[in-house]
Amino acid sequence: MKAEILAVGTELLMGQIANTNAQYISNRLPEEGVGVFYHSVVGDNPLRLKECLKIASNRADIIIMTGGLGPTLDDLTKETVSEFVGRKLVLHEESKNKIEEYFKRINRPMVDSNIKQAYLPEGSIVIENKRGTAPGCIIEEEGKILIMLPGPPSEMKPMFEDTVMPYFKEKSEFKIVSEILRIFGIGESAMEAMILDLIEKQTNPTIAPYAKEGEVTLRVTAKVNKDDNAVEILNQTINEIRKRLGDSLYSVGDKNLEQVVGELLISKNISIAIAESCTGGLVSSRLTDIPGISAVFNRGIVTYSNEAKQECLGVSVGKLEKFGAVSKETAIEMAAGVRKVSKTDIGVSITGIAGPGGGTAEKPVGLVYIALADENEVIYKELRLSGDRSRIRNMTALNVFDMIRRHISGRK
Ligand code: ATP
Ligand code: MG
């Protein structure tokens, strides 16, 4: 079943509001096996609305409209649709009673135009509106389905969930389910090469890669029969991908890298302290986004200057002078130092050149050292990042979280 979402409202065309209704509906419909093929937007104008209805009914089986169901003069969706399908508008008593009750309850006089909202195209399925006065409706006409919902998202969403989704569930024989896989530590093209045969198969489920700054994700989508166990079908593919990508696959679902790390630290009860230079507290800040992190996060210290690195972390003057602030030696001392002063299970450090200035031929912008100290050892990693200051800092933070994740995921 092909669907088109037709949003009605001049405000949308003028750019005063964004078409979040279309986004919401598009995100939800595939679950019930309905694919959205078109989005369109039209102003509060009956002629143009009719044109849109003509186009939509030629290319889609389902037209879902939002907006223009209210009591005012510019609200003309229902009138236009009923002309388009050649049905009369008839009074829906139940809706009329509800509107009357509503005005009694809020103690305001009701004007005739409010009753206009209780008129619906003859023979339609009425969608009750519990949050407002304008009901919606579903019209089945010559194999096509036309649905009208009010514009305000606070009314549209519950009506959509309570009536439209169950309506399609009943109708559809299959559903579309998907899951997001998150990957860190291998680039998009390397990852693609590792699972190319799976992507190229493009059967059911399908696999589609996406890349965002520093993050690589895969969306696995399956079209399954309504009564099939969708989780099982998706998991077969997900497990095959996991086999190929190993522990670079850090999460299945919505959780981002820092959430995964935060939850690992909490569940394993591993205490942590962080010493940051070029990231200026970014890593600590992201860690504190995780609810409950106070159980394990002892402190984050921003040691920007050499003196701070010496005074707060005990980095030796000799090392700083010999190797410089941006060096693996300094990073290692910072990690061990912050662990020691904080008496935590692990200490993490970051020192680098975020640019745009400060780079040399030997130590260019984007050179960053990160280190992690525990009771047995200090490990470090040299990063050579590209991009502007904000990208370098963001990529550093992601690499730090990934280092922590890999280090602690094997721990009991
Ligand atoms: P009302 O009874 O409130 O007049 P209505 O069904 O007539 O509802 P509109 O008048 O078209 O709907 O829009 C009312 C409000 O709903 C808009 O001002 C806007 O805030 C919101 N809205 C309308 N369409 C959309 C949309 N496509 N996406 C997000 N919000 C929308
Ligand atoms: Mg309106």
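Here is what the cut-offs are and how they apply
- Residues numbered from 1 in each chain as written.
- Chains lettered and ligands numbered in written order.
- Predicted model: local features only at pLDDT ≥ 70, side-chain atom pairs only at ≥ 80, totals over all residues.
- Heavy atoms only, no water.
- Helix = DSSP H or I, 4+ residues; strand = E, 2+ residues; numbered from the N terminus.
- Buried < 20%, exposed > 50% of the residue type's maximum accessible area, 1.4 Å probe, protein only.
- Contact = heavy atoms within 4.5 Å.
- Core = buried A, V, L, I, M, F, W, Y, C linked by side-chain atoms within 4.5 Å.
- Near = heavy atom within 4 Å.
- Polar contact = N/O pair within 3.5 Å; in protein donor to acceptor, adjacent residues only side chain to side chain.
- Areas by Shrake-Rupley, 256 points an atom, 1.4 Å probe, with all protein chains shown as cover.
- Nonpolar A, V, L, I, M, F, W, Y, C, P; charged D, E, K, R; others polar.
- Phe/Tyr/Trp six-rings, centres within 6.5 Å; stacked < 30°, edge-to-face > 60°.
- Lys NZ or Arg CZ within 6 Å of the ring centre and 35° of its normal.
- Pairing = 2+ DSSP bridges.
- Axes fitted to C-alpha atoms, helices over the stretch in contact; angles between N-to-C directions.
- Patch = residues over 30% accessible without salt bridge, like charges linked within 9 Å, V, L, I, M, F, W, Y side chains within 5 Å.
- Salt bridge = Lys/Arg side-chain N within 4 Å of Asp/Glu carboxyl O.
- Donors = N, O, S within 2.8 Å, 3.2 Å for Na, K, Ca; no water.
- Expected span 1.5 Å × (residues − 1).

Our next topic: the overall build of the protein. Summing up its helical and strand segments, the protein has 16 helices and 17 strands in all. Once the C-alpha set of the protein is aligned to its principal axes, its extents read approximately 90 × 55 × 40 Å. Across the 412 residues in the protein, those meeting the buried criterion constitute 47%. In the protein, the proportion of contacts linking residues at least 24 apart, taken out of those at least 6 apart, comes to 66%.

What follows concerns the nonpolar core. Nonpolar side chains in soluble globular proteins tend to be buried together. Core analysis: the biggest nonpolar cluster contains 35 residues, and Leu265, Ile272 and Ile404 have the highest contact counts within it. Those elements that provide at least two residues to this core are α11 (257-268), β13 (272-276), α12 (282-287), β15 (346-352), β16 (367-373) and α16 (389-409). With nine residues, α16 is the single largest residue contributor to this core.

Of all residues adjacent to ligand 1, which total 20 residues, the nearest are Glu11, Asn19, Gly70, Asp75 and Gly151. Within the side chain of Glu11, a nitrogen or oxygen atom sits 3.0 Å from an oxygen atom of ligand 1. At 3.0 Å from an oxygen atom of ligand 1 is found a main-chain nitrogen or oxygen belonging to Gly68. In isolation ligand 1 has 610 Å² of accessible area, and contact with the protein removes 77% of it. Listed by contribution, the elements that provide at least two residues to the shell around ligand 1 are β1 (2-8), α1 (10-13) and α2 (20-28). Looking at the shell around ligand 1 residue by residue, the class counts come to 10 nonpolar, eight polar and two charged.

What follows concerns the packing of aromatic side chains. Counted under the stated rule, the structure contains three aromatic pairs. Judged by centre distance (6.2 Å) and plane angle (75°), the rings of Tyr24 and Phe160 are edge-to-face. Taken together, the positions of Tyr24 in helix α2 and Phe160 in helix α7 (residues 153-171) put the pair 136 residues apart, joining distant regions of the chain. The buried category is assigned to Phe160, whose relative accessible area is 0%. For the cation-ring pair, Lys223 lies above Phe174, with the distance from its terminal atom to the ring centre recorded as 4.2 Å.

Here we take up the sheet that holds strand β11 (residues 215-225). Strand order in the open sheet formed by four strands is β10-β11-β9-β12, with antiparallel pairing between adjacent strands. If you trace the sheet from one side to the other, it starts and ends with β10 (206-212) and β12 (249-252), each paired once. Taken over all neighbouring pairs, the strand axes of this sheet differ in orientation by 25° on average, direction set aside. Of the strand pairs in this sheet, β10 and β11 are connected by seven bridges, and their pairing is antiparallel. Bridge pairing links Pro209 to Leu218 in β11.

Attention shifts here to a nonpolar patch on the surface. Together, Leu13, Met14 and Val41 make up an exposed nonpolar region whose accessible area comes to about 290 Å². Among the secondary structure elements, Leu13 is positioned in helix α1.

This next bit is on the coordination of the magnesium ion (ligand 2). Distances from the magnesium ion (ligand 2) to its protein donors, Asp75 (OD) and Asp75 (OD), fall at 2.4 to 2.6 Å. Tracing the backbone shows Asp75 in the loop between β3 (62-66) and α4 (77-85).

To continue, consider the side chain of Arg87. Residue placement: Arg87 occurs in the loop between α4 and β4 (89-91). Judged by its relative accessible area of 18%, Arg87 falls in the buried class. Those residues in contact with Arg87 that sit more than four places away from it in its chain are Ser82, Pro121, Glu122, Gly123, Ser124, Ile139, Glu140 and Glu141.

Counted residue by residue, β3 has five buried out of five residues, so it is predominantly covered. Every second residue of β3 is oriented toward a common face, with Ile62, Ile64 and Thr66 on one face and Ile63 and Met65 on the other, all of them buried. Where β1 and β3 come together, five bridges link them in parallel fashion. Each residue of the ladder has a partner; that of Ala3, found in β3, is Ile62.

A separate point is the side chain of Thr330. For Thr330, the location among the structural elements is in helix α15 (residues 328-342). Thr330 sits in the buried class, given a relative accessible area of 0%. The contacts of Thr330, once residues within four sequence positions are left out, are Lys309, Val315, Leu320, Gly324 and Ala325.

When the terminal C-alpha atoms of α16 are compared, their 30 Å separation across 21 residues agrees well with the 30 Å that a helix rising 1.5 Å per residue should span. A large share of α16 lies buried, amounting to 15 of its 21 residues.

What follows deals with the sheet that holds β15. Read across the open sheet, the five strands follow the order β14-β13-β15-β16-β17; overall the sheet is mixed. Edge positions in the sheet fall to β14 (297-302) and β17 (378-384), since each has one partner strand and no second. Across the sheet, the axes of successive neighbouring strands diverge by a mean angle of 10°, strand direction being ignored. The pairing of β13 with β15 spans five bridges and is parallel. Across the sheet, the residue bridging to Glu276 is Ile350, located in β15.

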